[in-house]
Amino acid sequence: MNDAAQQDDGTQDGDEGSMSRRSVLWTTAAVTGAGLGLGGLGSGTAAAATPTLSPETTPAAQAAAPKRQGRTMVGVPFDRRSTVRVGIVGLGNRGGSMIDLFLAVTGVQVVAVCDPVKAKAERAAAKVTAAGQPAPAVYTNGEDDYENLCKRGDIDFVYVATPWDFHFEMAKTAMLNGKHVGVECPIALQLDQLWELVDLSERTRRHCMQLENCCYGRNEMRVLRMAHAGLFGDLLHGAGAYNHDLRGLMFDPGYYEGPWRRLWHTRLRGDLYPNHGFGPVANYMDINRGDRAVSITSVGSPSLGLAEYREKNMPAGDPSWKETYIESDRTISLVQTAKGRVIRLEHDVSTPHPYSRINSLGGTKGVFEDYPARIYIEPDHTNDSWGDFAKYAQWDHWLWKEHANPPGGHGGMDYMLVFRLMQCMRLGLVPDFDVYDAATWTSPVPLSHLSIKAKGAPQQIPDFTRGEWKKARSGMDSENPEKA
């Protein structure tokens, strides 16, 4: 498996043999077919299996910004602290590996861990004590025990690495209990949920962040700095994707705890996982920092890949045979920005192909394309021949210059994310991205579904910043604050 793709979906494993809220959702949603709307998805109840479109998700309501209930979180720094106290919710594939990186960063203490599977929580707790820290509190009393973790008075930051169904409620609970929160992708699955997280962040004065690790990839951060230095000229277009053959993993009962990820292919037709592609390109173009994403138009191919894989690989009587897949095997979306730029997004986890996030950026002076990395910019290159991107290493972000061989998976981007976030919290800095970025990067999940259902009709992307996007501000293209 590509190292940039391994374990990038958080998993909070359920207690096998118990009839949990999640197992009810699994079994009912598996047979509902193609008629699903978006109004109740992700609520964790059996009723959520057959929702209808709520007023908040109709096209006419998409662009309307509700009245602000608090103050903007744009430019709001963390409170400075000598030690960042962390609680981790979800210790499956993702959380079970990310805990190692929190423990590897100086000035971070893992205070509490939570997972309904006791053995996984205990393994995580053992890692904490092995790192020389006090034993953390362990929360294993069912799927709602995370609420007790969030109520603790000795936690500054809650990290959520659970199945998608739980992300919204857990982020909401963390903020309501006075905690900053970082969530694996996607942060929520409905427009009204995205707005609620924005409003809660503004009311509680707590940051709610989509922990998009791909923004911290070495190539992504190099392109970011080159773009901001003007090497690509005036930016015109970009592209990002999550094209990753997950068929084997989605049908593997030992990888995901239950079929939760596969079952999303029975519910939505659009781009289920836009953040890995959208986040980096949004950074290049300063989305929410001088430009904004205005609309999205999506089309989708037929849904054939998972059914064909099941026919070839799954025995008769397997529960997957009760499932009807509606998710497009390949979703292609075009996002238009306020400045007229175009961003192409793709999603395909159901057909055979090499891993690619595309990661492309083009402007009036040239273009970069990844997978494999190659560049063509004037006046460096001529005669329609790609250049060697490795020759632009001088443009590496300071994080990659100071941490050339970072620990952890995904080529080091996971460590960079954790290190930088914890640094911002320790030093009292503004985070690299905020709740407005989280909402924008995730909005293609419901909107691409609606666009496909409307035969490609454009859907308006809300201005989650409520006008603050017009003000230029810094993002991930930072200077090292500890060497200023």
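Here the structure is shown first, and the text comes after it.
Now for a quick tour of the structure. Only a predicted model underlies this, so the values are computations on that prediction, with no experimental measurement involved.

1. Examining the overall build of the protein
Part 1: For the protein, the helix and strand inventory stands at 15 helices and 14 strands.
Part 2: Sequence separation of 24 or more characterises 76% of the internal contacts of the protein that already satisfy a separation of 6 or more.
Part 3: A total accessible area of about 17500 Å² is found for the protein, and carbon and sulfur atoms account for 51% of it.

2. Brief notes about the packing of helix H7 (residues 218–228) against helix H10 (residues 275–284)
Part 1: Taken N-terminus to C-terminus, the directions of H7 and H10 make an angle of 25 degrees; their axes are 9 Å apart at the nearest point. Comparing their axes, H10 and H7 come out roughly parallel. Remark: the crossing between H7 and H10 carries right-handed chirality. Along its contact with H7, which presents Glu220, Val223, Leu224, Ala227 and His228, the element H10 presents Pro280, Asn283 and Tyr284.
Part 2: Within the contact of H7 with H10, the residues separate by chemical class into five nonpolar, two polar and one charged.

3. Notes on the nonpolar core
Part 1: Core analysis: the largest hydrophobic core is formed by 105 residues, its most contacted members being Phe102, Phe157, Tyr216, Phe232 and Met422.
Part 2: Among the elements that take part in this core, helix H13 (residues 413–427) stands out by supplying 10 residues, more than any other.
Part 3: Grouped together as the second largest cluster of nonpolar side chains are 22 residues, Trp164, Tyr255, Met314 and Val445 included.

4. Here's the deal with the sheet that holds strand S9 (residues 331–337)
Part 1: Here eight strands make up an open sheet; going across it, the order is S13-S12-S11-S7-S10-S9-S8-S14 and the pairing mixed. The outermost strands of the open sheet, each flanked by one partner alone, are strand S13 (374–377) and strand S14 (459–460).
Part 2: Summarising the sheet, strand S7 (residues 235–243) and strand S11 (residues 360–363) pair through four bridges and their orientation is antiparallel. Along S11, the bridge assignment pairs Leu235 with Gly363.

5. Details of unusual backbone geometry
Part 1: Note that the residue after Cys185, namely Pro186, is joined by a cis bond; omega there is -15 degrees.
Part 2: Looking at the secondary structure, you find Pro186 in the loop between strand S5 (180–183) and helix H6 (191–204).
Part 3: Cis geometry marks the peptide bond from Tyr371 to Pro372, where omega comes out at 0 degrees.
Part 4: Counting through the fold element by element, Pro372 comes out in the loop between strand S12 (366–369) and S13.

6. Regarding H10
Part 1: With 10 of 10 residues buried, H10 is to be regarded as a mostly interior element.
Part 2: Looking only at H10, the buried set comprises Asn275, His276, Gly277, Phe278, Gly279, Pro280, Val281, Ala282, Asn283 and Tyr284.
Part 3: Of the residues flanking the end of H10, it is Asp286, one or two places downstream, whose phi is positive at about 55 degrees.

7. What about the packing of aromatic side chains?
Part 1: Under the defined criterion, the tally for this structure stands at 17 aromatic pairs.
Part 2: Each ring, one from Trp164 and one from Tyr273, has its centre 5.8 Å from the other, and the planes form 20 degrees; the classification is stacked. Of the two residues, Trp164 sits in the loop between strand S4 (157–160) and helix H5 (167–176) while Tyr273 sits in the loop between helix H9 (260–263) and H10, which places them 109 residues apart along the sequence.
Part 3: Overall, Tyr273 belongs to the buried group, its relative accessible area being 1%.
Part 4: Note on Phe368 and Phe389: the rings are 4.5 Å apart at their centroids and 45 degrees apart in plane angle, and the pair reads as tilted. Separated by 21 residues along the polypeptide, Phe368 in strand S12 and Phe389 in the loop between S13 and helix H12 (398–402) bring together distant segments of the chain.
Part 5: When its relative accessible area of 0% is taken as the criterion, Phe368 is described as buried.

8. Comments concerning the environment of Phe166
Part 1: Along the polypeptide, Phe166 turns up in the loop between S4 and H5.
Part 2: Remark: the alpha-carbon pair of Phe166 and Glu143, spanning 23 residues in sequence, is separated by 9.4 Å.

9. A word on the side chain of Ser201
Part 1: Looking at where Ser201 falls in the secondary structure, it is placed in helix H6.
Part 2: When its relative accessible area of 0% is taken as the criterion, Ser201 is described as buried.
Part 3: For Ser201, the side chain forms a polar contact with the main-chain oxygen of Arg206, separated by 2.6 Å.
Part 4: If we ignore the near neighbours within four places in the chain, the residues touching Ser201 are Met73, Met175, Arg206, His207, Cys208 and Val435.

10. As for the pairing of S5
Part 1: The alternating pattern of S5 places His180 and Gly182 on one face and Val181 and Val183 on the opposite face, and all of these are buried.
Part 2: The sheet contact formed by S4 and S5 spans four bridges and is parallel. Its bridge partner being in S5, Phe157 is matched across the sheet by His180.
Part 3: Bridging between S5 and strand S6 (residues 208–210) involves three bridges; their strand directions are parallel. When the bridges of S6 are listed, Val181 appears paired with Cys208.
Part 4: On the question of chirality, the crossover connecting S5 to the parallel S6 by way of H6 is right-handed.

The rules behind the values
Residues numbered from 1 in each chain as written. Predicted model: local features only at pLDDT ≥ 70, side-chain atom pairs only at ≥ 80, totals over all residues. Heavy atoms only, no water. Helix = DSSP H or I, 4+ residues; strand = E, 2+ residues; numbered from the N terminus. Contact = heavy atoms within 4.5 Å. Areas by Shrake-Rupley, 256 points an atom, 1.4 Å probe, with all protein chains shown as cover. Axes fitted to C-alpha atoms, helices over the stretch in contact; angles between N-to-C directions. Parallel < 35°, antiparallel > 145°, perpendicular 65-115°, else oblique. Left-handed = near helix turned anticlockwise from the far one by under 90°. Nonpolar A, V, L, I, M, F, W, Y, C, P; charged D, E, K, R; others polar. Core = buried A, V, L, I, M, F, W, Y, C linked by side-chain atoms within 4.5 Å. Buried < 20%, exposed > 50% of the residue type's maximum accessible area, 1.4 Å probe, protein only. Pairing = 2+ DSSP bridges. Phe/Tyr/Trp six-rings, centres within 6.5 Å; stacked < 30°, edge-to-face > 60°. Polar contact = N/O pair within 3.5 Å; in protein donor to acceptor, adjacent residues only side chain to side chain. Right-handed = clockwise from strand over helix to strand, strands pointing away.

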